[in-house]
Amino acid sequence: MANGKKGPKMDQKTVKRLLDGLTKDDAFRAKFESDAAGALESIGYTPAEGDALAGQCLQLQSGESLATAESIEADRAKLESSLVAVFHFDCPAAPKAPL
């Protein structure tokens, strides 16, 4: 279910830095797995005011694992175009406890 807010935007340069980190930097990969928002911040991503946070959309859930660096590199062109396109849609709302 979408939260009704405009989805986060990530420019092409940020997407390239993200994929570079995920394919070439083990420390960045580890940071991304545990704290996607912090990893994105470390490469210069700053969401526009009112945008959903990309880190929340990209955070791995419990039990999920990050694709291998080799797999990400093999699909890099497709991932670059997908990430830029995906961020122009609504980000799912985080589950909330009932009031």
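Conventions used here
- Residue indices follow the written sequence of each chain, beginning from 1 at its first position.
- Two thresholds apply to this predicted model, a pLDDT of at least 70 for residue-level local features and 80 or more for giving and counting side-chain atom pairs, whereas whole-chain, interface and lining totals are computed over all residues.
- Calculation of side-chain values draws on the structure's entire complement of heavy atoms; hydrogens and water are dropped beforehand.
- On a range of 0 to 100, pLDDT expresses the predictor's confidence in each residue.
- Numbering of helices and strands runs from the N terminus, with a helix taken as a DSSP run of H or I at least four residues long and a strand as a DSSP run of E at least two residues long.
- A contact between two residues is defined here by any heavy atoms of the two lying within 4.5 Å.
- The salt bridge criterion pairs a side-chain nitrogen of Lys or Arg with a carboxyl oxygen of Asp or Glu, the two atoms within 4 Å.
- Buried, partly exposed and exposed residues are distinguished by accessible area as a fraction of the type maximum, computed with a 1.4 Å probe on protein chains only: under 20%, between the cut-offs, and over 50%, respectively.
- Here the expected length of a helix is defined as 1.5 Å per residue gap, with one fewer gap than residues.
- Polar contact is defined as a pair of N or O atoms within 3.5 Å, subject to the rule that within protein one atom must be able to donate a hydrogen and the other to accept it, and that residues adjacent in sequence are counted only when both atoms are side-chain atoms.
- Read the arc as the range of directions from the helix axis to the C-beta atoms.

Draft legend 1. Quick look at the confidence of the model for the chain. Chain-level statistics for the chain give a pLDDT mean of 77 and a share of 70% at 70 or above. For the chain, the element scoring lowest by mean pLDDT is helix H4 (residues 54-58), at 78; helix H2 (residues 26-34) scores highest, at 95. Throughout residues 1-6 the model reports pLDDT below 50, and contacts reaching past four residues in sequence, or to other chains, amount to 13 contacts. Low pLDDT (under 50) marks residues 92-99, which in the prediction has 4 contacts with non-local residues, meaning those over four places away or in another chain.

Draft legend 2. Quick look at the pattern of salt bridges. For the structure on display, the rule yields 5 salt bridges. Here Asp-20 makes a salt bridge to Lys-24, at a shortest N to O gap of 3.8 Å. Of this pair, Asp-20 and Lys-24 both sit in helix H1 (residues 12-24), 4 residues apart, roughly one helical turn. Relative accessible area serves as the criterion here: at 65%, Lys-24 is assigned to the exposed category. Among the ionic pairs, Arg-76 bridges to Glu-73, the shortest N-O distance being 3.8 Å.

Draft legend 3. Examining H1 more closely. Helix length check: H1 (13 residues) gives 18 Å between terminal C-alpha atoms against 18 Å at 1.5 Å per residue, within 8%. Of all the positions in H1, only Thr-14, Val-15, Leu-18, Leu-19, Gly-21, Leu-22 and Thr-23 are classed as buried. A distance of 3.1 Å separates the backbone nitrogen of Lys-13 from a side-chain oxygen at the start of H1, and that oxygen is part of Asp-11.

Draft legend 4. Fine view of H2. The set of residues buried in H2 consists of Phe-28, Arg-29 and Phe-32. Projected down its long axis, H2 carries its buried residues within an arc of 100°, all on one side. Every exposed residue of H2 that faces more than 90 degrees away from the buried side is listed here: Asp-26, Ala-27 and Ser-34. Contact partners of the buried residues in H2: H1, helix H3 (36-42), H4 and helix H5 (69-74).

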